[in-house]
Amino acid sequence: MDPIVDLPLGRKLPLLISGLILLVLVASSSAAYFEVESSASSTANERVTGLARQLADLVRASVVGRGVVMRRVANDTAVKRLLRSPGTGTLDVSPGVSAALEHLVVPTDSAGVIEVWDPSGHPRARFSSGMSTMKDSADDFERMLLASHETPAGMQESIRISAFYARSDSVYTWYVQPVVTGGIIAGFLAQRVRLQNDATSKASQRGLREIMGPSVDLYLANSTNDLRTTTTGELSVQPPALKRATGPVLYRDSVAGEMLGAKAPIPMTPWVVQIAMPKAVMMARPLVFMKRMSIIALVTLVIGALLAWAISRQVTQPLAELTAATHDLSTGEYDRRVHIARRDELGQLGDAFNLMARRISESRAASEQQGAEAESARREAVAASQAKSDFL
């Protein structure tokens, strides 16, 4: 036997109504949650994509600004005079070149290097905390690569940027400005910059976080390999999913967990800006919404269950009275009546029951009277027959 089917109607009806209310609440809450989640995902995707593009433009503007300064130094007469002169095999330390290169010095970059190269990328002068006569061959590959870079027609004076590269625990890049004389590249003005975790970099990073939001991470990465770094020179590896992505993408970070990321190429450079946001941040608003909806749904369910119980009693009490009255009537209580003072179908059913019970009672009374009269007539007939027998 099915225990649910066998439940009294007074319990079954509230359970049925409560179940229907719960079903409606779950369906509506789920639909609303998925809509909010979809909206939050769309907003987050637009946010990280927009941030990546804005920051890429910001970095490009910084590169352009640096190019303007370097072009001014590259046009200095001392620099051009040095490149027109034949090489001697030693680095130049003349005061004119020193004064020109000093304009590019970044006081906070102790590892910064400013050099003048010939067209093949060989250093002709070097400034590193002052003019130096010591050659450094550690960056020869980057020098050769940047000097041999093919420049499109009409863009000879455009600044060249190297990919980021790591040495020890530091991240470096080169900015190279061609020195053009008479339409021909006579050499290069080059500056090596180190991304470092100093007070200035930290202040810049805090400023960027205020723009992006406290939970959003910014990375600079190479488009040619897997190297990725923060603006303060902290190295990491590009997530493969983010490196391959052409739009917003969800990926798993071994430390931070599920992340939403986007990237944007930086014009004029071999770099990309990468933005990463924890998925938990993206889902914060939908989860808050879901918690509120759960509380509202619970309150609604409780109120609905109470109303269902109250409404069911309005139906089941008259039915229970009718059931008991029918049972009493079947056991011979023909005077049994119900009292349902209502004008709906249940009231009409109660009136019909009372009418039926009254007619059964009247029929029963008439039947009993007829039986009594018949018994009386039978007794009289028996008495008359007995008297006749006695007379004879």
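Keep in mind that what you see is a predicted model, and the values were worked out from it rather than measured.

### A look at unusual backbone geometry
Point 1. The residue Met 268 is not glycine, and still its phi comes out positive at about 75°.
Point 2. Its location among the elements puts Met 268 in the loop between strand 12 (257-265) and strand 13 (271-278).

### Points about the sheet that holds strand 10 (residues 235-237)
Point 1. Spatially, 10-9-8-13-12-11 is the arrangement adopted by the six strands of the open sheet, whose pairing is antiparallel. Here the strands that pair on one side only, and so sit at the sheet edges, are strand 10 and strand 11 (249-253). Taking each pair of neighbouring strands and ignoring which way they run, the sheet shows an average axis angle of 40°.
Point 2. Bridge count between strand 11 and strand 12: five bridges; the pairing is antiparallel. Across the sheet, residue Tyr 251 finds its bridge partner in strand 12, namely Met 259.

### Some words on the nonpolar core
Point 1. Membership of the largest hydrophobic core comes to 48 residues, with the highest contact counts inside it found for Leu 101, Val 116, Tyr 175, Leu 189, Trp 271, Val 273 and Ile 275.
Point 2. For this core, the element with the most residues is helix 1 (residues 9-74), which contributes twelve residues.
Point 3. Not counting residues up to four positions away in its chain, the partners in contact with Leu 189 are Met 70, Val 73, Ala 74, Leu 101, Leu 104, Ile 114, Glu 115, Val 116, Tyr 175, Val 176, Gln 177 and Val 179.
Point 4. The next biggest cluster of nonpolar side chains, apart from the first, holds 13 residues, and it includes Ala 111, Trp 117, Val 176 and Phe 188.

Reading the values: the criteria
- Residues numbered from 1 in each chain as written.
- Predicted model: local features only at pLDDT ≥ 70, side-chain atom pairs only at ≥ 80, totals over all residues.
- Heavy atoms only, no water.
- Helix = DSSP H or I, 4+ residues; strand = E, 2+ residues; numbered from the N terminus.
- Pairing = 2+ DSSP bridges.
- Axes fitted to C-alpha atoms, helices over the stretch in contact; angles between N-to-C directions.
- Core = buried A, V, L, I, M, F, W, Y, C linked by side-chain atoms within 4.5 Å.
- Buried < 20%, exposed > 50% of the residue type's maximum accessible area, 1.4 Å probe, protein only.
- Contact = heavy atoms within 4.5 Å.

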